[in-house]
Every structure is written in C-alpha cells, then in structure tokens.
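Here is what each chain is made of, one letter per residue.
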Amino acid sequence: MKELNNKVAVVTGAGSGIGRALAKLLAARGCRLALSDVNEVGLKETAESCGAKEVRTYLLDVSDRDAIYAHADQVAKDFGQVNLIINNAGVALSASVREMTDDDFKWVMDIDFWGVAHGTRAFLPHLIASGDGHVVNVSSVFGLIGVPKQSAYNAAKFAVRGFTEALRQEMQVEGQPVAVSCVHPGGIRTNIANAARMGKSENADAQRKGFDKLAMTTPEKAAETIVKGILRDESRILVGPDAWGIDALNRLLGAAYQPLVARFSRKNLYV
Ligand SMILES: NC(=O)c1ccc[n+]([C@@H]2O[C@H](COP(=O)([O-])OP(=O)(O)OC[C@H]3O[C@@H](n4cnc5c(N)ncnc54)[C@H](O)[C@@H]3O)[C@@H](O)[C@H]2O)c1
C-alpha cells in the first residue's frame, strides 16, 4: 500500500489511546474509517473528533468470534471494500503466574490473542478481494521479551507475533496482494494501565504510577510510526526508543537478557 487516500481502514479499540490516534491520522491521510470498540462513549468521541471524510462506528467485543466475522461482512457491505485492518484492541494484566486467576488469564488471551486472530481471519478474504490489503496486528515489546507478572500478556503478545510473522510469509509464498505487519510498542502514554486488571497482592497505584513514569511515547507519535511502517511495508514496526532498546537487548544477549530484566523488575515491579 503506497498511499492511504480513499482506502477503507478498520481500527479495533478505536475509543482510546493508540487506536484513537490512528483513527485521527488515517482520517488526515484521506482514509474512510470503520471504527470499533466496546466503549461506546470513547468510540463516539473518536468518530466526532477525527475529521474523516467517511466514518462509521461499530460496537464490537473482539473476544466474540461470531461478532467479529459478522462485523467484517458488515464493513465490507457498508464500504464496498476493505483495505486495512488494524487489530489494536487490547487489555493488560499484572499478576504473577502463581497468583493470577484462570478467569483473568482467559480474559487477556481472549482479547489480546484471539481478538487479533479472529480479526485477521475474518477480514482476510475481504483484504485479498480488494487487491491492495494490509493486516496490522498490535503486539508489544512484551511480544519480544518475557517480564515478571506479565506471563498472560507475554503469552498473548508472543502468540500475536508468531501468528502474524507466519501470515506475512504465507501471503508472500501464495502471491496474495496483502501486506502484513506486526507492531511492537514500548511504553505509550494511554489508558492501558488504568484499565488493567491486577493480581490481588499488587499495589495497583504504585504499578500505575510506575507505568506513567516509564511510558515515554505519546499515542500520536505511536500512530505516526505505525502509519510510516505501513507505507514502508515493514514486517516489524518498533514504536518508541524503549522498543528499539529492548529489541537490541534481545538480539545482542539472546536468553541472557533475563537476569537483567529480573533485576530491573525486582526494583520497579515488586513494589
Ligand atoms: N500503551 C502501551 O504502553 C502499550 C504497549 C504495548 C502494546 N500496547 C497495545 O496497544 C494496543 C492499544 O492499547 P492502548 O495503549 O491504546 O490502550 P487503551 O486502553 O488506551 O485503548 C485500548 C482500547 O481497546 C478497547 N478494548 C478493550 N477490550 C476490548 C474488547 N474486548 N473489544 C473491543 N475493544 C476493546 C478499550 O475500550 C480501549 O478503547 C493494545 O493491544 C495494547 O496491548 C500498548
């Protein structure tokens, strides 16, 4: 996809944070937008403020498989084509493997992994039919390295990365007209930590304050980086200087990054 004007772009989780900033930037680049979220109020605010030439909103829970497939068909019907799906909706959980409940583990996997997998599979036939499609799946730097108390989020975001990298190669091998990118944001100043679930022994206030201190990138800057990555057809889009640092750490040290992260976490996450 060399340019975005008049392309139909679908953004999940568009009611806040990175999704909202993406909606605004894609609108400024001339996209026609299909925006969805579970948060009706946030979604409406995004739609009203994004200034798109055409925007439709859809209440959608990405953990609901049948709803996503129905949504994909509805968007294709409403717009006549679909070029770009950004599977962005996500949630966070801070809890150790020993402490987290099955319910919380499943909540994260259902939204952060299955939401992305279903979103991709439901929209893929429409993207192929468009002749110029792009799948963008939002993982995290926690899809590159493991971090204490993030096992569920790590599992979902590593799974998104593997799924997305395999899909990119499939599209290339099959000669399909669909590009595929996996996004790995570092800390972005959004509502994600406020909306996160916490294990019962977590100090939620301290965790959230710690996140605010570490999150170095604005959602607007994140959206710029993602859109640039889409136009350059990057397979891996790293967002923020911390993401580049973590990627380098991983490449240089291999599994030996773990004691370093454990030491950092002892000071910053066990509060
Ligand atoms: N903020 C960060 O530091 C950071 C870092 C790495 C990755 N990410 C990822 O970026 C993506 C966007 O997160 P954000 O930081 O903008 O957070 P955010 O909380 O500001 O926005 C997430 C949006 O997803 C929506 N959402 C939650 N559950 C949903 C569901 N079941 N169905 C549909 N929508 C749902 C929320 O209502 C919200 O509008 C997520 O996938 C997140 O994991 C964020």
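Taking an unreviewed UniProt entry as the reference, the protein is identified by name as Short-chain dehydrogenase belonging to Marinobacter zhejiangensis. UniProt lists a comment for the protein under the heading Sequence similarities (unreviewed entry), and it reads "Belongs to the short-chain dehydrogenases/reductases (SDR) family."

Student: How do you make sense of the packing of aromatic side chains when you look at a structure like this?
Tutor: Between two aromatic rings, the relevant description is the distance of the centres plus the angle of the planes. Here the structure, examined in full by the defined rule, presents 3 aromatic pairs. Here the aromatic rings of Phe113 and Trp114 are separated by 5.0 Å at their centres, their planes lie at 65 degrees, and the arrangement is edge-to-face. For Trp114, a relative accessible area of 41% corresponds to the partly exposed category. On the numbers, 6.0 Å between centres and 90 degrees between planes, the contact of Phe142 with Tyr153 is edge-to-face. With Phe142 in the loop between strand E6 (133–138) and helix H5 (151–174) and Tyr153 in helix H5, the pair connects residues that are 11 residues apart, well separated along the chain. Taken together, the ring pairs connect Phe113, Trp114 and Phe163 into an aromatic cluster. Directly above the aromatic system of Trp107 lies the positively charged group of Arg197, at a separation of 4.0 Å from the ring centroid.

Student: Explanation requested: the sheet that holds strand E9 (residues 236–239) in the structure shown.
Tutor: Adjacent strands of a sheet pair through backbone hydrogen bonds, lying either parallel or antiparallel. Judged by pairing direction, the sheet is parallel, and its 7 strands sit side by side in the order E3-E2-E1-E4-E6-E7-E9 without closing on themselves. The open sheet is flanked by strand E3 (55–59) and E9, the only strands paired with a single partner. In this sheet, adjacent strand axes meet at a mean angle of 15 degrees when their direction is disregarded. In this fold helix H2 (residues 40–49) packs onto strand E2 (32–37) and E3, with an angle of close to 175 degrees to the strand it touches most, E3.

Student: Help me out: how do you make sense of the UniProt feature "domain: Ketoreductase" (unreviewed entry) in the protein in this one?
Tutor: Under the present numbering, the feature "domain: Ketoreductase" (unreviewed entry) in UniProt falls on residues 7–191. With 49% helix and 19% strand, residues 7–191 has end C-alpha atoms that lie 28 Å from one another.

Student: Mind showing me how you'd approach the pattern of salt bridges here?
Tutor: Using the criterion set out here, one finds 17 salt bridges in the structure. Measuring nitrogen to oxygen at the nearest pair gives 3.2 Å for the salt bridge that ties Lys7 to Asp132. Here the residue Lys7 occupies a position in the segment before strand E1 (8–11), and Asp132 occupies one in the loop between helix H4 (102–130) and E6, the gap between them amounting to 125 residues. For Asp132, a relative accessible area of 24% gives the class partly exposed. Glu224 is the partner of Lys221 in a salt bridge, and the nearest nitrogen-oxygen pair spans 3.6 Å. Here the residue Lys221 and the residue Glu224 both occupy positions in helix H7 (residues 219–231), the gap between them amounting to 3 residues, near one helical turn. Of the residues examined, Lys221 reaches a relative accessible area of 41% and is grouped as partly exposed. One salt-bridge network, held together by shared partners, links Arg161, Glu165, Arg236, Asp247 and Arg251.

Rules and cut-offs
- Residues numbered from 1 in each chain as written.
- Predicted model: local features only at pLDDT ≥ 70, side-chain atom pairs only at ≥ 80, totals over all residues.
- Heavy atoms only, no water.
- UniProt positions renumbered as here; feature names shortened; annotations may be inferred.
- Phe/Tyr/Trp six-rings, centres within 6.5 Å; stacked < 30°, edge-to-face > 60°.
- Buried < 20%, exposed > 50% of the residue type's maximum accessible area, 1.4 Å probe, protein only.
- Helix = DSSP H or I, 4+ residues; strand = E, 2+ residues; numbered from the N terminus.
- Lys NZ or Arg CZ within 6 Å of the ring centre and 35° of its normal.
- Pairing = 2+ DSSP bridges.
- Axes fitted to C-alpha atoms, helices over the stretch in contact; angles between N-to-C directions.
- Contact = heavy atoms within 4.5 Å.
- Salt bridge = Lys/Arg side-chain N within 4 Å of Asp/Glu carboxyl O.

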